[in-house]
Amino acid sequence: MPITPAPKKSLGQHWLHDDATLEAICESADVGEGDTVLEVGPGLGTLTRKLLARGAQITAVEFDHDLAVNLGKHLWEGSLPKDGEAERLVVVEQDILQFDLRQMPPGYKVVANIPYYLTSNLIRVLTESPSQFSIVAILIQKEVAERVAANPGEMSILSVTAQFYCEATLGPFVPARLFTPPPKVDSQVLILRYREKPLFENVDPKLFFRLVKAGFSQKRKTLQNSLRGGLAITKPEAAQLLESAGISPTARAQELSLEEWHALYLAAQTGVRP
């Protein structure tokens with residue numbers, strides 16, 4: 001039996017062994033027979049084992065060399081794989097942010113217990129990839145999960161990005177005490193379902209998010225001032241842009257809904273161009 005390695009603080013590793021929680025993560029992505037799953041950071045394979053038991057075909061991307069080369073040993077602990085499990089598991093030693101998602105078939109699923117620091121970049125990479133997933137179920141910091149699924153009034157670039165491409169909902173709550181070592185904060189499963197149809201038709205994501213980033217560029221200022229600085233336009237032009245979109249000049253970026261961002265985008269395309 002392989003010796004269980006100590007979690008590496010530098011990589012944000014926290015081992016999760018709670019059986020009910022691991023099952024709940026799989027259930028959140030509705031993993032079943034024949035599904036293709038991308039698992040990020042399989043670690044000791046506790047979640048991988050659950051995914052294999054459900055009949056999934058898994059690509060497990062692990063950055064840590066020692067964990068990547070020993071995943072099979074941790075999974076089967078000296079026994080032989082059963083039910084063709086070894087054939088349904090591909091281990092890739094790589095940074096997930098450098099992994100070519102085009103290798104994954106359309107409609108694949110993402111299931112993972114990821115380091116907290118990875119969340120924002122992972123969501124961005126997954127949603128912007130031309131290879132579209134069907135559902136993501138990731139266990140992340142509770143406050144960040146809530147931020148991604150936020151409503152207008154508490155929006156951020158991360159929530160606008162995620163909700164532009166996906167329907168975002170919150171899954172099971174997972175207390176810190178269930179991890180080894182316990183992190184300083186609690187966790188929650190974030191569920192992202194890729195929209196079957198685009199939220200808005202004929203939108204150039206590059207231009208849309210240039211506008212969004214400009215709006216969030218100075219969070220403490222009004223949207224009018226943020227847009228003026230972020231888009232390098234005059235104050236009257238920023239005021240006209242907001243008026244054309246039907247948005248108050250005193251509004252702040254976090255208050256806008258996706259529909260209001262779209263109205264602002266349309267106004268920018270027909271009037272002041274970002």
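Residues numbered from 1 in each chain as written. Predicted model: local features only at pLDDT ≥ 70, side-chain atom pairs only at ≥ 80, totals over all residues. Heavy atoms only, no water.

### Notes on the sheet that holds strand 9 (residues 187-194)
- If you trace the seven strands from one edge of the open sheet to the other, you get 4-3-2-5-6-9-7, paired in mixed fashion. Where the open sheet ends on each side, the last strands, each with one partner, are strand 4 (89-93) and strand 7 (166-174). The sheet shows a mean angle of 20° between the axes of neighbouring strands, taken without regard to direction.
- The sheet contacts of helix 6 (residues 157-165) involve strand 7 and strand 9, and relative to strand 7 the element is tilted by about 115°. (Pairing = 2+ DSSP bridges. Helix = DSSP H or I, 4+ residues; strand = E, 2+ residues; numbered from the N terminus. Axes fitted to C-alpha atoms, helices over the stretch in contact; angles between N-to-C directions. Contact = heavy atoms within 4.5 Å.)

### A short note on the packing of aromatic side chains
- Within this structure, the stated rule accounts for 10 aromatic pairs.
- Centre to centre, the rings of Tyr165 and Phe209 are 6.2 Å apart; their planes meet at 15°, and the pair counts as stacked. Taken together, the positions of Tyr165 in helix 6 and Phe209 in helix 7 (residues 205-215) put the pair 44 residues apart, joining distant regions of the chain.
- Residue Phe209 is classed as buried on the basis of its relative accessible area, which comes to 8%.
- Ring-pair connections join several aromatic residues into one group, and the members of that group are Tyr108, Phe133, Phe164, Tyr165, Tyr194, Phe208, Phe209 and Tyr265. (Phe/Tyr/Trp six-rings, centres within 6.5 Å; stacked < 30°, edge-to-face > 60°. Buried < 20%, exposed > 50% of the residue type's maximum accessible area, 1.4 Å probe, protein only.)

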